[in-house]
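One-letter residues, chain by chain:
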Amino acid sequence: MKTVSSEHSDAVARILVVGGGSVGMYTALRLQRTLKQELRQGTVEIVVVDPEPYMTYQPFLPEAAAGSISPRHVVVPLRRVLPHCTVVIGEVTEIDHEKRKATIATLAAEHAGAGALTVAYDELVLAPGSVSRTLPVPGLADIGIGFKTVEEAIGLRNHVLEQLDIASSTRDPAIRDAALTFVFVGGGYAGVEALAELEDMARYAVRYYHNVGPEDMKWVLVEATDRILPEVGPDMGGYTVRELRARNIDVRLETRLESCEKRIVRLSDGSRFPARTLVWTAGVKPHPIVAASKLPLTDHGRLKCTAALQVDGVEHAWAAGDAAAVPDLTAPPPATPDAPRAVCAPNAQHAVRQTKVLAENLTAALRGGEIHNYAHKYVGSVASLGLHKGVAQVYGRKFKGYPAWFMHRAYHLSRVPTFNRKARILAEWILAGLFKREIVSLGSLENPRAEFELAAGTGRHNETS
């Protein structure tokens with residue numbers, strides 16, 4: 001097994017990829033191909049650093065939460081797809097680009113009581129992605145849950161099913177109302193798709209509860225602006241609002257969450273109601289390591305990049321994805337010479353395509369070749385609204401209902417990495433069409449030692465013989 005060393009030979013060009021998400025993994029995957037000869041000769045080393053040993057395909061998180069896809073099939077093991085790279089499970093805590101050194105905190109160093117690992121590099125690829133952007137809302141940190149990781153998606157699924165169990169087994173109307181109220185804050189892709197898929201799942205699940213019906217549940221979507229899903233255009237965004245409201249989902253536009261202390265949700269429109277579920281999907285911000293890198297940033301905290309995906313004005317530093325502000329060469333030029341040029345939206349469509357150009361440009365830079373600019377005209381967007389329901393705007397054409405849902409699945413199936421994952425996901429979809437949904441909550445997975453600790457501490461399971 002490859003391990004990274006703090007020592008670095010001048011004869012070997014080390015490429016440090018910070019982040020093993022979509023951008024980091026795809027960049028390293030393409031570098032393996034473009035630098036195949038150098039890797040075989042040992043003149044290039046690629047090091048990928050990420051806190052998790054896998055990449056999460058985030059567009060499938062809503063379906064994983066709804067039980068349409070197994071959680072293990074929405075993640076891709078980094079070591080399997082990057083056999084020619086050195087994968088380090090840890091977190092980059094500091095970057096000194098002047099000295100071209102990065103400090104990495106790893107679990108091994110923590111358990112051994114050793115200091116963080118310092119790694120020298122020749123080329124830096126910053127692809128740490130983004131983290132949830134939270135606001136100082138009272139009570140949010142206590143009861144809120146995000147929706148960016150597979151752990152959060154499965155935890156939310158278990159939580160929703162547990163609330164149905166609570167509501168079914170209590171006669172207290174206050175507890176029942178709070179358990180059956182689900183609030184989602186944020187009307188972007190993550191919030192709308194998560195709410196739609198989970199509401200669809202819960203609507204199916206309550207048929208197995210004798211005293212809980214679909215009309216007893218209260219699903220609320222809170223959005224601060226006057227529209228949801230801006231990526232699919234105003235017409236399809238308006239259709240989505242009407243579709244959700246037709247399913248008895250309370251969509252509140254131009255409304256903000258003001259407080260959720262003691263599980264009491266207070267909104268800016270004056271509403272006040274109890275809720276045991278609060279999902280926060282109100283935007284993202286660049287990973288903190290971006291600011292800590294001391295590289296040039298935009299006013300929004302993203303790395304200031306050129307169209308060639310190099311950090312502006314800095315040699316040997318590259319970036320792409322959510323953390324990078326890359327000029328959009330296909331957008332109309334600014335109205336005035338002093339006005340800033342439009343940048344590529346921080347979405348998967350641009351991010352994955354940027355990795356191809358980044359890897360080719362980095363390879364060209366190492367070989368002394370010519371680098372090229374990234375340019376991609378936005379094709380459109382697709383979104384799922386539950387089983388057999390969706391919206392899409394592709395090449396200016398609008399789709400809704402089953403055709404849009406089918407396009408959503410077909411597009412993301414084509415984009416999920418590795419043939420192995422594609423085949424497994426397709427097989428799950430086929431089987432899901434033949435058999436009933438699974439609606440089991442496995443909340444105990446979040447604390448697997450709880451039962452043993454209880455037995456060891458209380459003698460609950462002592463033999464009586």
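Residues numbered from 1 in each chain as written. Predicted model: local features only at pLDDT ≥ 70, side-chain atom pairs only at ≥ 80, totals over all residues. Heavy atoms only, no water.

**Observations regarding the overall build of the protein chain**
Helix and strand counts for the protein chain come out as 15 helices and 24 strands. On C-alpha atoms alone, the protein chain measures out to a radius of gyration of 24 Å, which is about the 23 Å that the 2.2 N^0.38 rule sets for 465 residues. Counting the 465 residues in the protein chain, one finds 49% classified as buried. If you take every contact in the protein chain between residues at least 6 apart in sequence, the share linking residues at least 24 apart comes to 66%. Within the structure as shown, the protein chain displays about 22900 Å² of accessible surface, and the carbon and sulfur contribution to it stands at 54%. Put simply, the protein chain has 53 plus and 51 minus side-chain charges, and the middle of one group is 5 Å from the middle of the other. (Helix = DSSP H or I, 4+ residues; strand = E, 2+ residues; numbered from the N terminus. Rg over C-alpha atoms; globule rule 2.2 N^0.38 Å. Buried < 20%, exposed > 50% of the residue type's maximum accessible area, 1.4 Å probe, protein only. Contact = heavy atoms within 4.5 Å. Areas by Shrake-Rupley, 256 points an atom, 1.4 Å probe, with all protein chains shown as cover. Lys, Arg positive; Asp, Glu negative; His and termini not counted. Charge placed at Lys NZ, Arg CZ, Asp CG, Glu CD.)

**Things to note about a nonpolar patch on the surface**
Together, L426, I430, L431, L434 and F435 make up an exposed nonpolar region whose accessible area comes to about 540 Å². For I430, the position within the fold is in helix α14 (residues 419–434). (Patch = residues over 30% accessible without salt bridge, like charges linked within 9 Å, V, L, I, M, F, W, Y side chains within 5 Å. Salt bridge = Lys/Arg side-chain N within 4 Å of Asp/Glu carboxyl O.)

**Some words on the sheet that holds strand β15 (residues 264–267)**
Taken together, three strands build an open sheet; the order of strands is β14-β15-β16 and the sheet is antiparallel. Of all strands in the sheet, those bounded by a partner on one side alone are β14 (257–259) and β16 (272–274). Between one strand and the next, the sheet's axes are offset by a mean angle of 35 degrees, whatever the strand orientation. Taken together, the two bridges between β14 and β15 define a ladder with antiparallel strand orientation. In the sheet register, L257 faces β15, and the bridge partner there is L267. (Pairing = 2+ DSSP bridges. Axes fitted to C-alpha atoms, helices over the stretch in contact; angles between N-to-C directions.)

**Notes on the pattern of salt bridges**
This model, assessed by the stated rule, comprises 12 salt bridges. Across the pair R247 and E199 runs a salt bridge whose closest N-O atoms are separated by 2.8 Å. Of the two residues, R247 sits in the loop between α10 (233–246) and β13 (249–252) while E199 sits in helix α9 (residues 189–205), which places them 48 residues apart along the sequence. With respect to burial, R247 and E199 carry one shared label: buried.

**Regarding the side chain of H73**
Mapped onto the secondary structure, H73 falls in the loop between α3 (61–66) and β4 (75–77). Overall, the relative accessible area of 5% leaves H73 in the buried class. Polar side-chain contacts of H73 include one of 3.1 Å to the side chain of E428. Here H73 is in contact with R421, R424, I425 and E428, once residues within four sequence places are set aside. (Polar contact = N/O pair within 3.5 Å; in protein donor to acceptor, adjacent residues only side chain to side chain.)

**With respect to the UniProt feature "transmembrane region" (unreviewed entry) in the protein chain**
Taking the numbering used here, the UniProt-annotated feature "transmembrane region" (unreviewed entry) corresponds to residues 12–31. Summarising residues 12–31: 50% helix, 30% strand, and an end-to-end C-alpha distance of 15 Å. (UniProt positions renumbered as here; feature names shortened; annotations may be inferred.)

**Observations regarding helix α12 (residues 348–367)**
Its 20 residues place the ends of α12 29 Å apart at the C-alpha level, agreeing with the 28 Å of an ideal helix rising 1.5 Å per residue. Following α12 by one or two positions, G368 adopts a phi angle in the positive range, close to 80 degrees. (Expected span 1.5 Å × (residues − 1).)

**Here we look at the environment of E123**
Here E123 shows up in strand β8 (residues 123–126). In this structure the side chain of E123 is engaged in a polar contact, spanning 3.0 Å, whose partner is the side chain of W318.

**Brief notes about the packing of aromatic side chains**
For any pair of aromatic rings, the description consists of the separation of the ring centres together with the inter-plane angle of the planes. Here the structure, examined in full by the defined rule, presents six aromatic pairs. Arranged with centres 6.0 Å apart and planes meeting at 65 degrees, the rings of Y204 and Y208 form a pair that is edge-to-face. Among the residues examined, Y208 registers a relative accessible area of 44% and is labelled partly exposed. Through a chain of ring-to-ring contacts, three or more aromatic side chains come together here, namely Y57, F60 and W429. (Phe/Tyr/Trp six-rings, centres within 6.5 Å; stacked < 30°, edge-to-face > 60°.)

**Some points on the sheet that holds strand β22 (residues 380–384)**
Judged by pairing direction, the sheet is antiparallel, and its three strands sit side by side in the order β22-β23-β24 without closing on themselves. Each having just a single partner strand, β22 and β24 (397–400) make up the two edges of the open sheet. Across this sheet, the average inter-strand angle for adjacent strands is 10 degrees, counted without regard to direction. Examined bridge by bridge, strand β23 (residues 390–394) and β24 share four bridges and lie antiparallel to one another. Along β24, the bridge assignment pairs A392 with F399.

**Side note on the side chain of R302**
Of note, R302 is situated in the loop between α11 (288–292) and β19 (303–304). One buried charged residue, R302, forms no salt bridge at all, with the nearest opposite charge on D322 at 6.3 Å. Among the polar contacts made by the side chain of R302, one reaches the main-chain carbonyl oxygen of C344 at a distance of 3.5 Å. Excluding its chain neighbours within four sequence positions, the residues that come into contact with R302 are P286, P296, L297, G321, D322, A323, A324, A325, V343, C344 and P346.

**Some thoughts on the packing of helix α13 (residues 402–415) against α14**
Running from N to C, α13 and α14 point in directions that differ by 155 degrees, and their axes come no closer than 9 Å. If you check the angle between α13 and α14, you find them roughly antiparallel. Considering only the axes of α13 and α14, their crossing is right-handed. Taken together, the residues of α14 that come into contact with α13 (itself represented by R409, L413, S414 and R415) are K422, I425, L426 and W429. (Parallel < 35°, antiparallel > 145°, perpendicular 65-115°, else oblique. Left-handed = near helix turned anticlockwise from the far one by under 90°.)

**As for the pairing of β8**
Burial along β8 is two-sided: E123 and V125 facing one way and L124 and L126 facing the other are all buried. Relative to β8, strand β1 (residues 13–18) is paired through four bridges, and the arrangement is parallel. The residue bridging L16 from the neighbouring strand is L124, located in β8. Relative to strand β20 (residues 317–319), β8 is paired through three bridges, and the arrangement is parallel. When the sheet's bridge partners are listed, L124 is paired in β20 with A317.

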